[in-house]
Amino acid sequence: MGTGEEIQIEDNFFVLCFQNDTDETQHFEREVGVDLIQFHFGVKGRAKFIFNQGRYALDLREEVSLFLYNPQKELPVHLEIAPHSWVLSVLISIKKFHSFFSEEADYIPFLSEGNKDRKYYKDDKINPSMAIVLSQLFHFNLHQSIKKLYFKGKVYELLSLYFNRAEDPNAEQCPFLIDEENVIKIRKAKDIVIANMAEPPGLQELADQVGINLKKLKMGFRQIYGDSVYSFLFDYKMEYARKLLDSGSYNVNEVGLKIGYSTASHFIAAFKKKFGTTPKKYLMSINERV
């Protein structure tokens, strides 16, 4: 089913979650004042923002974020969400946002004196750390009484990770990543290891499959995804395992087998390393909350 939810974190601070699991395109509209900054995150699938009564559209793809701000003109949210697509949006007033960076405002381009009255637009890739936080927001399964507090903490974390990327001296300076063909190959490598998470190929085999040498695979993967291939895959597998446990359709052994652990003990040790608890205790905590 398709669902849309708006959560007010504080005054002039909102989180919008759109989850279209249907086979039909869905539309969502919301008025947005000129004092609100908009962050939009393509979590899954694709979506489109429509402006000026349909005369202009802006695509939002999976693993991409959009940052919009126009102090001269209202930018109402008119979102067209494709089938089986998820989008998370954050709306926050410029005044409140400025307070987060009161001492560091000069480091945030759109907060600088020269830009404060100008419209601002930016799209960027969602890095793995941000992707994990977005996944946690869509898979909230704690008691409803703490949902607002949980979302507040996670959205602050998400925005911190978003603006921290500019501090990475290698993020946009690696000459290897200027070559779009290399970037496409690295992303293909990521898709291959995820699709074969239970039995992933070796690094050399993976490099051969995407047509890149081993050194460039290692360097490029770390540049784009912030981690080595197998560390990235480990985090992905653990998050996937947690989702399977959340579904209530699989027991611990079945989940372990699905993500490539031939013995339950190895899966239990890996899960505990990632989340600080065993899969069994995690399942028990879910059942207690139901």
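Our subject is the structure listed above.
Note that the structure is a prediction, hence the values are computed from the model and not measured.

## Focus: the overall build of the protein chain
Phase 1 of the analysis: Assigned secondary structure in the protein chain consists of 10 helices and 10 strands.
Phase 2 of the analysis: Per-residue burial over the protein chain gives 42% buried out of 290 residues.
Phase 3 of the analysis: The long-range fraction of contacts in the protein chain, counting pairs at least 24 apart against all pairs at least 6 apart in sequence, stands at 69%.
Phase 4 of the analysis: Just so you have it, the protein chain exposes about 15,800 Å², and 50% of that area is on carbon and sulfur atoms.

## Remarks on the side chain of Lys185
Phase 1 of the analysis: Secondary-structure assignment places Lys185 in helix 4 (residues 180-195).
Phase 2 of the analysis: In terms of polar contacts, Lys185 uses its side chain to reach the backbone carbonyl oxygen of Gly211, at 2.9 Å.
Phase 3 of the analysis: When near neighbours in sequence (up to four residues on either side) are disregarded, Lys185 contacts Val210, Gly211 and Ile212.

## Some points on the packing of helix 7 (residues 229-247) against helix 9 (residues 264-275)
Phase 1 of the analysis: Taken N-terminus to C-terminus, the directions of helix 7 and helix 9 make an angle of 100°; their axes are 10 Å apart at the nearest point. Compared by their axis directions, helix 7 and helix 9 come out roughly perpendicular. Residue-level inspection shows Phe234, Asp235, Met238, Glu239, Ala241, Arg242 and Leu245 of helix 7 in contact with helix 9, the latter providing Phe267, Ala270, Phe271, Lys273, Lys274 and Phe275.

## A short note on helix 7
Phase 1 of the analysis: In this model helix 7 runs 27 Å from its N-terminal to its C-terminal C-alpha over 19 residues, within 8% of the 27 Å that 1.5 Å per residue would give.
Phase 2 of the analysis: Of the positions making up helix 7, those classed as buried are Val229, Phe232, Leu233, Lys237, Met238, Glu239, Ala241, Arg242, Leu244 and Leu245.

## Quick look at the sheet that holds strand 6 (residues 56-61)
Phase 1 of the analysis: Taken together, 4 strands build an open sheet; the order of strands is 3-8-5-6 and the sheet is antiparallel. Of all strands in the sheet, those bounded by a partner on one side alone are strand 3 (26-30) and strand 6. Going from strand to strand, the sheet's axes swing by 20° on average, the running direction of each strand aside.
Phase 2 of the analysis: By the bridge criterion, 6 bridges tie strand 5 (residues 46-51) to strand 6 in an arrangement that is antiparallel. What sits directly across from Ile50, in strand 6, is Ala57.

## Overview of the nonpolar core
Phase 1 of the analysis: Ile186, Leu206, Leu217, Met238, Ile259 and Phe267 are the most contacted members of the largest nonpolar core, which has 32 residues in total.
Phase 2 of the analysis: Counting residues per element, the ones that place at least two in this core are helix 4, helix 5 (203-210), helix 6 (214-225), helix 7, helix 8 (252-258), helix 9 and helix 10 (279-289).
Phase 3 of the analysis: The biggest single contributor to this core is helix 7, with 7 residues.
Phase 4 of the analysis: Contacts of Leu217, omitting those with residues within four sequence positions, involve Ile186, Ala189, Leu203, Leu206, Ala207 and Ile212.
Phase 5 of the analysis: Within the second largest apolar cluster, 28 residues are counted, among which are Tyr69, Leu88, Val90 and Leu159.

## A short note on unusual backbone geometry
Peptide bonds are trans in most cases, and residues, glycine excluded, mostly fall at negative phi.
Phase 1 of the analysis: Backbone geometry at Asn12 places phi at a positive 55°, although glycine is not the residue there.
Phase 2 of the analysis: Along the chain, the position of Asn12 falls in the loop between strand 1 (2-10) and strand 2 (13-20).
Phase 3 of the analysis: Since its relative accessible area comes to 38%, Asn12 is described here as partly exposed.
Phase 4 of the analysis: Positioned with a positive phi, Glu63 is a non-glycine residue whose angle comes to about 70°.
Phase 5 of the analysis: Along the chain, Glu63 turns up in the loop between strand 6 and strand 7 (64-69).

## Considering the packing of aromatic side chains
Two descriptors summarise a pair of aromatic rings, namely the distance from one centre to the other and the angle between the planes of the rings.
Phase 1 of the analysis: In this structure the tally under the stated criterion is 19 aromatic pairs.
Phase 2 of the analysis: One aromatic cluster is present, formed by Phe39, Phe41, Phe67, Tyr162 and Phe163 through successive ring pairs.
Phase 3 of the analysis: Taking the ring centre of Phe234 as reference, the NZ or CZ of Lys273 above it sits at 5.5 Å.

## Digging into the layout of surface pockets
Phase 1 of the analysis: What the second largest pocket holds in volume is close to 450 Å³.
Phase 2 of the analysis: Around the second largest pocket, the lining comprises 22 residues; the ones closest to its centre are Phe51, Asn52, Tyr56, Glu74 and Leu75.
Phase 3 of the analysis: Taken together, the elements giving at least two residues each to the lining of the second largest pocket come down to strand 3, strand 5, strand 6, strand 7, strand 8 (77-81) and strand 10 (120-125).
Phase 4 of the analysis: Counted by class, the lining of the second largest pocket contains 11 nonpolar, 5 polar and 6 charged residues.

Parameters and conventions
- Residues numbered from 1 in each chain as written.
- Predicted model: local features only at pLDDT ≥ 70, side-chain atom pairs only at ≥ 80, totals over all residues.
- Heavy atoms only, no water.
- Helix = DSSP H or I, 4+ residues; strand = E, 2+ residues; numbered from the N terminus.
- Buried < 20%, exposed > 50% of the residue type's maximum accessible area, 1.4 Å probe, protein only.
- Contact = heavy atoms within 4.5 Å.
- Areas by Shrake-Rupley, 256 points an atom, 1.4 Å probe, with all protein chains shown as cover.
- Polar contact = N/O pair within 3.5 Å; in protein donor to acceptor, adjacent residues only side chain to side chain.
- Axes fitted to C-alpha atoms, helices over the stretch in contact; angles between N-to-C directions.
- Parallel < 35°, antiparallel > 145°, perpendicular 65-115°, else oblique.
- Expected span 1.5 Å × (residues − 1).
- Pairing = 2+ DSSP bridges.
- Core = buried A, V, L, I, M, F, W, Y, C linked by side-chain atoms within 4.5 Å.
- Phe/Tyr/Trp six-rings, centres within 6.5 Å; stacked < 30°, edge-to-face > 60°.
- Lys NZ or Arg CZ within 6 Å of the ring centre and 35° of its normal.
- 1 Å grid on protein atoms, 1.4 Å probe; cavity = no way out; pocket = protein on both sides within 12 Å on 5 of 7 lines; lining within 4 Å.
- Points joined across faces, edges and corners; volume = space filled by probe spheres on them.
- Nonpolar A, V, L, I, M, F, W, Y, C, P; charged D, E, K, R; others polar.

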